[in-house]
Amino acid sequence: MRSKKTLFSIGVFLLLSAMSLIGSEAATPSPAKEIPISAEMKEKFPIKAHHAKLSLKCTDCHENQGDNPENFKLIGDEGCLSCHKSKQYLAERLKFMDTLHVNPHNSIHDGPKLYCDECHFEHQKSDNMCLSCHSNDVKLWMRETP
Ligand code: HEC
Ligand code: HEC
Ligand code: HEC
Ligand code: HEC
């Protein structure tokens, strides 16, 4: 009787250990180290709704910028294009705007050469630079810069 009980306990023990092993493996799928981000930093550097709904983490953009969020740097065109492919690809996606030559990603003045941060910002409202000269007509051409 007693030895049966012992065998049973050993069985349960082994089962539980196996489960906890599987469990801990599933909980850490990526080798990348999570950087803790304070509530204050999250408030100071809010993420655009279109990125927030994808649950982008700070380090999806600020990749390899160390583990102190205070020291994160600009991410440049390469940062955006690591997910958004290429300027040519973006120009193609808004091709329907070419008919009026108002594709912001392939403009009549600069083609697809502009820097993303001439119009798009992540942590503050974007600011369409075309507006600096075409303050009235641009509202008819394009929707607000996302
Ligand atoms: C880690 C990947 C990633 C990075 C880095 C990233 N994005 Fe995105 N972004 C996405 C995905 C995925 C979507 C949703 C699908 C799409 O529209 O392509 C998106 C959507 C957008 C949209 C769509 C908004 C709309 O209304 O359709 C804009 C604008 C945008 N990103 C701009 C940028 C800019 C500018 C940068 C650089 C500052 C950037 N993104 C960096 C993944 C990324
Ligand atoms: C001259 C201003 C300007 C520049 C420079 C610019 N954008 Fe945009 N972008 C816009 C505007 C305006 C829209 C909205 C267009 C519309 O739908 O009316 C837009 C839309 C987008 C979209 C959503 C539409 C789509 O194609 O999926 C993405 C993503 C995007 N931009 C990413 C970028 C990235 C990445 C860069 C840098 C390579 C960049 N943009 C450079 C003004 C700009
Ligand atoms: C979708 C890409 C993206 C994500 C996600 C993102 N950032 Fe940024 N970050 C940028 C861009 C682009 C800039 C340049 C300024 C701007 O566009 O607002 C920037 C600038 C910064 C800067 C200032 C750098 C400087 O020298 O001015 C800090 C600090 C920063 N981000 C922290 C964060 C933190 C903290 C998070 C997470 C809560 C975060 N970022 C998430 C793209 C991103
Ligand atoms: C430094 C000032 C300046 C900036 C910035 C600027 N433009 Fe222009 N743009 C002009 C001038 C000047 C003309 C020629 C005079 C005219 O026709 O209004 C012009 C003409 C145009 C025209 C043809 C004429 C028309 O009104 O239909 C289009 C389309 C245009 N710009 C689109 C853009 C787009 C898209 C951007 C942003 C990527 C932009 N412009 C940024 C100054 C500017």
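What you see is a predicted model, and the numbers here were worked out from it, not measured in a lab.

**What about the coordination of the iron atom of ligand 4?**
Binding of the iron atom of ligand 4 to the protein goes through H109 (NE2) and H134 (NE2), at separations of 2.0 Å. If you look at the iron atom of ligand 4, its six donor atoms make angles of 87 to 179° with each other, and the shape they trace is octahedral. Remark: H134 occurs in the loop between α6 (87–93) and α7 (138–141) and H109 occurs in the loop between α6 and α7; sequence separation between them is 25 residues.

**Observations concerning the site of ligand 2**
Neighbouring ligand 2 are 21 residues; R93, H105, C116, C119 and H120 lie closest to it. At 2.8 Å from a nitrogen atom of ligand 2 is found a side-chain nitrogen or oxygen belonging to H105. Interatomic distance of 2.8 Å between a side-chain N/O atom of R143 and an oxygen atom of ligand 2. Looking at the shell around ligand 2, the elements that each hand over two or more residues are α5 (76–84) and α6. A per-class count over the shell around ligand 2 returns 13 nonpolar, five polar and three charged.

Reading the values: rules and limits
- Residues numbered from 1 in each chain as written.
- Chains lettered and ligands numbered in written order.
- Predicted model: local features only at pLDDT ≥ 70, side-chain atom pairs only at ≥ 80, totals over all residues.
- Heavy atoms only, no water.
- Donors = N, O, S within 2.8 Å, 3.2 Å for Na, K, Ca; no water.
- Tetrahedral: all angles 85-135°; square planar, octahedral: opposite > 155°, others 65-115°.
- Helix = DSSP H or I, 4+ residues; strand = E, 2+ residues; numbered from the N terminus.
- Near = heavy atom within 4 Å.
- Polar contact = N/O pair within 3.5 Å; in protein donor to acceptor, adjacent residues only side chain to side chain.
- Nonpolar A, V, L, I, M, F, W, Y, C, P; charged D, E, K, R; others polar.

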